[in-house]
Amino acid sequence: MATGVGSNSRNLSFNSSFNASFSNNSFSRSRHGRLGSSDAVFYTSDHKYSFDPYGSMLPSMVKVALTVGNIDVSNISCRLDPNGWACLVCGRKLYVWKYSLDQSKKTSIACRELTLPPSELVHSANLICIVSNSNNSNPSCIAVNPEGHITYWPNIANGSSTVTVNADIPGQECDSLTSVWPFGCLLTTTSCTVLLVKPMPAPGNKPSLTCVPLGMQKGWLDGLKKMQTMLFTPLPALSSSLETKRAKVVVPLVKEDDPYNPGKNREGKLYISCGTSFQTWQITADGINCLSEFNMHDIVKHQFYNNVWATEEEARADVRGIQVWILDVAAIPQTKQIVLFAAAKGQFESSDNLVYGLVIFDAKNPKRQDNIAFIKVDRITGAHNEDHLFVWKLLCTPDYFLMVSNDLVVVANDSEDEIVCDSTDAGTFGGPVIGHGLLSPTVALVFLSKLGVFSVKSVGTFNQTFGLDDTFSEIRVPDHLALSITQPSGITDNSTSDDVNRYKSAMVNYVNRKHDDALLILASLFPPNVPSLAPHDSLDKSTVALCEKLVDDAPLSDPRWMANFGRHGEQDIMGFKSKILIKNFLTDKKEGLELFFGFLNGAKLFPRLKGIIVKEDVIATGSILYNCYEKIGFALALQSIQTEVLYRKLIDTAIKSIVFMRSETESQVRGSHLSHNDVFYKDISRIQHVITALISIEEEDLNSLSPKEMPFRIFQTNEVILRAYFEANSLYLADKLQTVKTFLLQPLLDTAGNEYEVSPWLVQSSVLATLLRQHQIIINNGIRHTDADFGMRIDLIKHLVQYTDLILDGLKSNAESVHQSARYRPKYMNFEKIRGNLLRAHLSVQDYDGAGSLAEKYLDFEMLVTICYEKKNVEQLELYFAKYESMKFPEFTFEWYVKQKKTAELINSFSSSKFSFKLGEFVKKYPQLAWHHATVIEDFEQASDILSELADTEEVSADDKKFFLCAAKLSALANTDRGDDVEQKIAKINKNLSLMEYQNMLPEQILKNFSLDRGTMRVLTATDLIDMYTSSEVSTDVDNFWRAKELIDFMANEAVKREKLLLILSRLIMRDPWDTWPTDHPMDSIESSQLYLFLVLGLQRGETLESLFPLADLATVDELRPLFENASVTFLLQACREHLATVEVTQPMEMDAEY
C-alpha cells in the first residue's frame, strides 16, 4: 500500500476530551455577520474537520458582486492560487485581489476589476491564471474565454493594457488553464487538446502572446508523430453515456518552490491525464518532453473491485464489467504521489448507484501494486449525470484529501488507525462553494459564496508551535523562557510560590523535549489520580499563577532589567531603543503563552482544569488564560498606536499616571535606564488599567474644553481603546487567535451544565463600569455637540456602536457560559437591562441604524419594534416577522402594541396584512381587541359573539356594556348570512338592551339617594333595579313600581319571578296605612291607595288580576304577616280584589311619555 496521507501527517491531535467538547451545532455564530468578515467556524457532519476563516477581509467590490441580486452559481466562480492571489469571475467581470495575510507589508494591493472578452458560454475561474513575479508588485493575468479567446494583462493595475490572441481550437470548449510559470500556462479543452500559452517579448520591449499545441513546438519532441500518438490519439471509449475525455494538468508543489510564488515549478515536472491515460512530462527552458505514459483504466478498475465488490460475500460485479470515470487528478505536495478521484459502477448496477473512491499511486512507479492505495468515499449521493460528475475538484495535502463541488465538500484521510471520511453540504455554509485552492502544501482553502475564504483543518491538529509535535525542534523558544531556567533572575520575585516555579520548570523542560523530567515534576505537583477540589484545586490556581507570571515576567534577555545593570557604565554600550525592545519582549510573551497552551495540551493537563474563585464568581481557568492572551495582543496594538504622533502624548500621559500609582516595590526596580513604558508593558495582566486612565484623563480635559472641542478629544480616546482591541485580534493575534479560542473557550461554551464562567476581561466589573461611563460621555459630550461637524458625528456614532457591541458580546458570553446554572438568570437579566439602556442611548441621538443592527444581533425585540414604530416602517417589521417567526416575534410585537396602549394602530396595521391570522390567534386573549380585528376582516358573526360575551361579563361600566351590546347588534345585522341562530342572538341582545334602558330611566331622585352618577354608573342587575325602584327611601310613584314589575320578565327562574312580584306588592302595600282605614265605606279608602292604582294600571295594560294580585301568597310574606292578622286590613284587601274583579276597566290610563 502506498504511503498515503496518514504517513505524512505528524501533527499531534487534541486529546479525546477536547474532541468531545464540541457541541452538536454544525457551526458557531459569527460575531459580525457581514460578508468577508465572519469569525464563524464550521464543522463537517462528524466534527472531524473544521472550516476556519482565513485571510484578509474581502474587498468591497467583491462583496458587492456577491451580494447584489441572487447568486447564480453557474455564472460565478473563484480561484485561490498558492501565491496568495484570488480571482473571482462574475459574468464578464474579473476581480483580482490578495487574499493571504502578509504581516510584513505596510500597505495592501488594491482589488482590481478587469473585463473579460465576450463569450456565448459562461466564463470560469478555471480559465484564469494570476502570475506573481514578486511579493510586492502587481501580478500579471492570463484569461481565456470558453471559445479560446486569450487575453493577457502584463500588469493588472493597468486594465486597459492587454495582449490578445485566439487559440486554434475550432468547435472545442476550453476547460482549464494551469500555470507552469515561468514557461507559460497550459490550456486544456474538454476534447483533450492541450496548448501552451506563453507571453513573449516583442520588438520594442512590448509583450506578445503565443498559443500553440505542445506537439508543434520546434525541437521539443523528437517527432510530431510520437507526440500526437501519446497525447492526441483518442483512447477506446467506454460503453457509457457518461464517458467524457478531459485533459487534466497537475503541477506538484515541491519543497524548493518560491515562497512568494508556490508552484513556480523549478523542478519542471508536471503530469497530464487524458481520459484514462496518465503522462509524466519534463518542461525546461529548452523544451518539453514526455517521460512516461501508462493507462490507468485497469489499475483503477481493479482497485474498485478489490476494495468494494470483492469484499462482499457474493460479489455483484465482475472486474471486466466495472466501468470507471476519472473525475480529477492531483498530486500530494512535496511527494511523488498522485491521487485519482474516480467513480465506478458494477456491471449490473445503474448509473444512479455509483461508488466513489481515491486511488493513490507513486508517480515514479505507478504499476507497483504495493505502492497503490485506495480510499472509499462514501459521502456522495444523488443524481450522477455528466454535469454532476465532472464538477468535482480534488485538492491534496499531506494530511487529508478534499473533494469540492458547489453543493458538497468531502474530506478523507487514511490515517494509520482508520480511514476517515467526513463531509458537509452547502446548507451548512448558507450558500454554495464557488471556489477552492491550495495556499501552501499543507493548507487547502474553499471560497464560500456567503462568507469568503475558509481554510480546512483537522479538528485534532494544532499549529506546530501550539501542539508541540515532532517538528518542534525547528521552533525558537522565546528568550524570556529559555533564560528563566538557564540564568538566574536579576530581580527578586517573592510573589511567586515554589510550586509555580517548579510548574514553570516542568513546562520549559517539556518544550525543550525533556518530557520525562517534565512529567516527573508534574506527577509530584499534581498527582493524576487525586480527585479535583475545584474551585480550590492547586492545579487551577498554579496554572493561573504561572500564566500571569509568563505575561508579567521581566524580559531577562534585556540586560537593563538586571539588578546590576548600569553600575559599571553599561547604560549606553548597546544603544538600546526602548520602543523596539518593548515590541520584542511583548512578542516573546505572546509566543511563550502559546507554548504554555501547547504544553497544557500535550501534557494532558487541560482536561483537568476547571475554575477558580475570583471575588464572588467562579471563573473558568480557560477563560482566565484566554484573557491573558487577548491582553498581550492589546498591549502589542497599544504600543504600535503609541508611536503615532496623534496619540503619543495621550498614551504617554496615561502610562505615566499608572506607573506613578503603582506600588513602591516597583518604583525601587525602576532606574534611570528604564522608562515608564518599560515598567508599564511588563505587567500585561494589568493592561486594562490603561483604559481607566485614558478615560479619567479625558474627563479632566473635557472640564477645560469648549463644547465645540469636546468631540475631537473624545474621538482620540475612542480611537486608542478601540483600535488597540480590534487590531489585537485582527493583526497581532490573527495567526492563532481562533485556534486558541477554540481550545480554551469552546469546551466551556459547548458543555451542558457548565458551572464555570467565561468572563471576558472587557466586561469585568472595573473595566465594564469605565466603558459604560465612556458610552455616556460619547452621548452627552460628544455626539450632541457635533451639529456643525457631520463627519465627526459619524465617527463618534461608529465608536458608540463598537463600544455597545463589545459590552453586550462580553456580557452575553458570560451569561450563556453558565446557561444551565442558577447564576444564569440574574446574569441574563443584567445583560438585558444593560442592553436596553445602551440601545436606548443610541435612539437618543437618532442612531437608528446602529441600534437596529445591534438589536438584531442581540435579539432585543423591544428595540426592533420601537425603531420600526418610530420610523413608521411596517415593511421592515414584517421582514422581522418572517425572520424571527420561530422565536415568536410577531406575538411579541402585538404584545408591545398592547402594553404601549396603541391597540387601534395594532389592529389597523396588521389586520389586513399577511399576518392577520397570527393577530387573530393573539387577540383571543384580548376580547376587547378581538372584536375589532374580526370587524376589520369582516367576520361579523365572530365580532358579534365576542361583543356579546364582553357585554355579558361587563360589570364595571354601564356605558361600556351598552356600547358592547349596540356594537354586537350592529355586527349581527351586518352579517349577510343570517340564520335562525343569528336571529336568536339578536333577540337576546335586544332583551339586554331593554334591561339597560331601565337603568337609563332611573329617576334623579333614585340616583341621588343611591349616590350614583349616570356617566360612571356600574352595571345594575334586574334585582338591583327592582330594589332601587321600590326602595322606601324614594317617594312613592306607581310608575316606578310598575317598571320594577316589568323587570321581573328579565329573570329566568319562575320561583324567583314569583318572589320578586310578592316583594314589589308587599312594599307597595306598606306605603299606605291600611290598618287605620275605616271599613264602613271601604272603597273610599281603597281607591286612593297606591296598590289600587298599581293594580288598575296593570289591568289596563293587559295583565290579569290573578297573576297581578295573588292575595293568598301575600299572606305568607313575613313583612305583611302583622297586617294580615288584622281583620280590617284583610277585609280591605279582599274588598279591593273583589271590586277589581267585578269592575271592567274600559278607559286605559294615560301612559308616561317614556313608554
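Residues numbered from 1 in each chain as written. Predicted model: local features only at pLDDT ≥ 70, side-chain atom pairs only at ≥ 80, totals over all residues. Heavy atoms only, no water.

Brief notes about the confidence of the model for the protein chain
Phase 1 of the analysis: When pLDDT is averaged along the protein chain, the result is 80; 81% of the residues meet or exceed 70.
Phase 2 of the analysis: Of the regions scoring below 50 in pLDDT, residues 216-243 engages in 57 contacts with residues more than four places distant in sequence or in other chains.
Phase 3 of the analysis: Below a pLDDT of 50 lies the segment residues 258-263, which in the model reaches 16 contacts outside its immediate sequence neighbourhood of four places, other chains included. (pLDDT = per-residue confidence, 0-100. Contact = heavy atoms within 4.5 Å.)

Focus: the packing of aromatic side chains
Phase 1 of the analysis: One pass over the structure, following the stated rule, counts 50 aromatic pairs.
Phase 2 of the analysis: Centroid distance Tyr-880 to Phe-889: 5.9 Å. Interplanar angle 70°. Geometry classified as edge-to-face. We note that Tyr-880, like Phe-889, is buried.
Phase 3 of the analysis: Over the aromatic face of Tyr-869 sits the side chain of Lys-872, whose NZ or CZ is 4.5 Å from the ring centroid. (Phe/Tyr/Trp six-rings, centres within 6.5 Å; stacked < 30°, edge-to-face > 60°. Buried < 20%, exposed > 50% of the residue type's maximum accessible area, 1.4 Å probe, protein only. Lys NZ or Arg CZ within 6 Å of the ring centre and 35° of its normal.)

Focus on the sheet that holds strand 22 (residues 373-377)
Phase 1 of the analysis: With antiparallel pairing, the 4 strands of this open sheet are ordered in space as 19-20-21-22. What marks the edges here is a single partner per strand, and that holds for strand 19 (323-331) and strand 22. The average undirected angle you get between the axes of adjacent strands in this sheet is 25°. (Pairing = 2+ DSSP bridges. Helix = DSSP H or I, 4+ residues; strand = E, 2+ residues; numbered from the N terminus. Axes fitted to C-alpha atoms, helices over the stretch in contact; angles between N-to-C directions.)

Notes on the packing of helix 35 (residues 1022-1029) against helix 36 (residues 1038-1047)
In a packed pair of helices, the relevant descriptors are the angle between the two axes and the axis-to-axis distance.
Phase 1 of the analysis: Between helix 35 and helix 36, whose axes approach to 9 Å, the crossing angle comes to 160°. By the angle between their axes, helix 35 is roughly antiparallel relative to helix 36. Here the hand of the crossing between helix 35 and helix 36 comes out left-handed. Touching Ala-1022, Leu-1025, Ile-1026 and Tyr-1029 of helix 35 are Asn-1040, Phe-1041, Arg-1043, Ala-1044 and Leu-1047, all from helix 36.
Phase 2 of the analysis: Across the contact of helix 35 with helix 36, the residue classes break down as 7 nonpolar, 1 polar and 1 charged. (Parallel < 35°, antiparallel > 145°, perpendicular 65-115°, else oblique. Left-handed = near helix turned anticlockwise from the far one by under 90°. Nonpolar A, V, L, I, M, F, W, Y, C, P; charged D, E, K, R; others polar.)

Some thoughts on the packing of helix 14 (residues 645-661) against helix 18 (residues 710-732)
Phase 1 of the analysis: Interhelical geometry of helix 14 versus helix 18 gives an angle of 85° and a closest axis separation of 11 Å. Judged on the interaxial angle alone, helix 18 and helix 14 are roughly perpendicular. Two secondary-structure elements touch here, helix 14 through Leu-646, Tyr-647, Leu-650 and Ile-651 and helix 18 through Phe-712, Arg-713, Phe-715, Gln-716, Thr-717, Glu-719, Val-720 and Arg-723.
Phase 2 of the analysis: Of the residues assigned to the contact of helix 14 with helix 18, the class counts are 7 nonpolar, 2 polar and 3 charged.

Here we look at the pattern of salt bridges
Phase 1 of the analysis: Enumeration according to the criterion identifies 35 salt bridges in this entry.
Phase 2 of the analysis: Among the ionic pairs, Lys-736 bridges to Asp-735, the shortest N-O distance being 3.3 Å.
Phase 3 of the analysis: Classification of Asp-735 as partly exposed rests on a relative accessible area of 45%.
Phase 4 of the analysis: Here Arg-1121 and Asp-1118 are joined by a salt bridge, their closest N and O atoms 3.0 Å apart.
Phase 5 of the analysis: Looking at Arg-1121, the relative accessible area reads 37%, which means it is partly exposed.
Phase 6 of the analysis: For Asp-1118, a relative accessible area of 54% puts it in the exposed group.
Phase 7 of the analysis: Salt bridges sharing common partners tie together Lys-590, Glu-594, Asp-735 and Lys-736. (Salt bridge = Lys/Arg side-chain N within 4 Å of Asp/Glu carboxyl O.)

As for the side chain of Asp-860
Phase 1 of the analysis: When you line up the elements, Asp-860 lands in the loop between helix 24 (848-857) and helix 25 (861-870).
Phase 2 of the analysis: On the basis of relative accessible area, Asp-860 is assigned to the buried category, the value being 7%.
Phase 3 of the analysis: A polar side-chain atom of Asp-860 sits 3.1 Å from the main-chain amide nitrogen of Met-863.
Phase 4 of the analysis: If we ignore the near neighbours within four places in the chain, the residues touching Asp-860 are Arg-835, Gly-836, Leu-839 and Ala-855. (Polar contact = N/O pair within 3.5 Å; in protein donor to acceptor, adjacent residues only side chain to side chain.)

Remarks on the state of the cysteines
Phase 1 of the analysis: Applying the stated rule across the entire model yields 1 disulfide.
Phase 2 of the analysis: Across the disulfide, Cys-192 is cross-linked to Cys-274 (sulfur-sulfur distance 1.4 Å). Of this pair, Cys-192 sits in the loop between strand 12 (185-189) and strand 13 (194-202) while Cys-274 sits in strand 16 (residues 269-274), placing them 82 residues apart in sequence.
Phase 3 of the analysis: Judged by its relative accessible area of 5%, Cys-192 falls in the buried class.
Phase 4 of the analysis: For the unlinked cysteine Cys-87, the closest cysteine sulfur is that of Cys-78, found at 6.1 Å.
Phase 5 of the analysis: Taking the relative accessible area as the measure of exposure, Cys-87 reaches 0% and is therefore buried. (Disulfide = S-S within 2.5 Å.)

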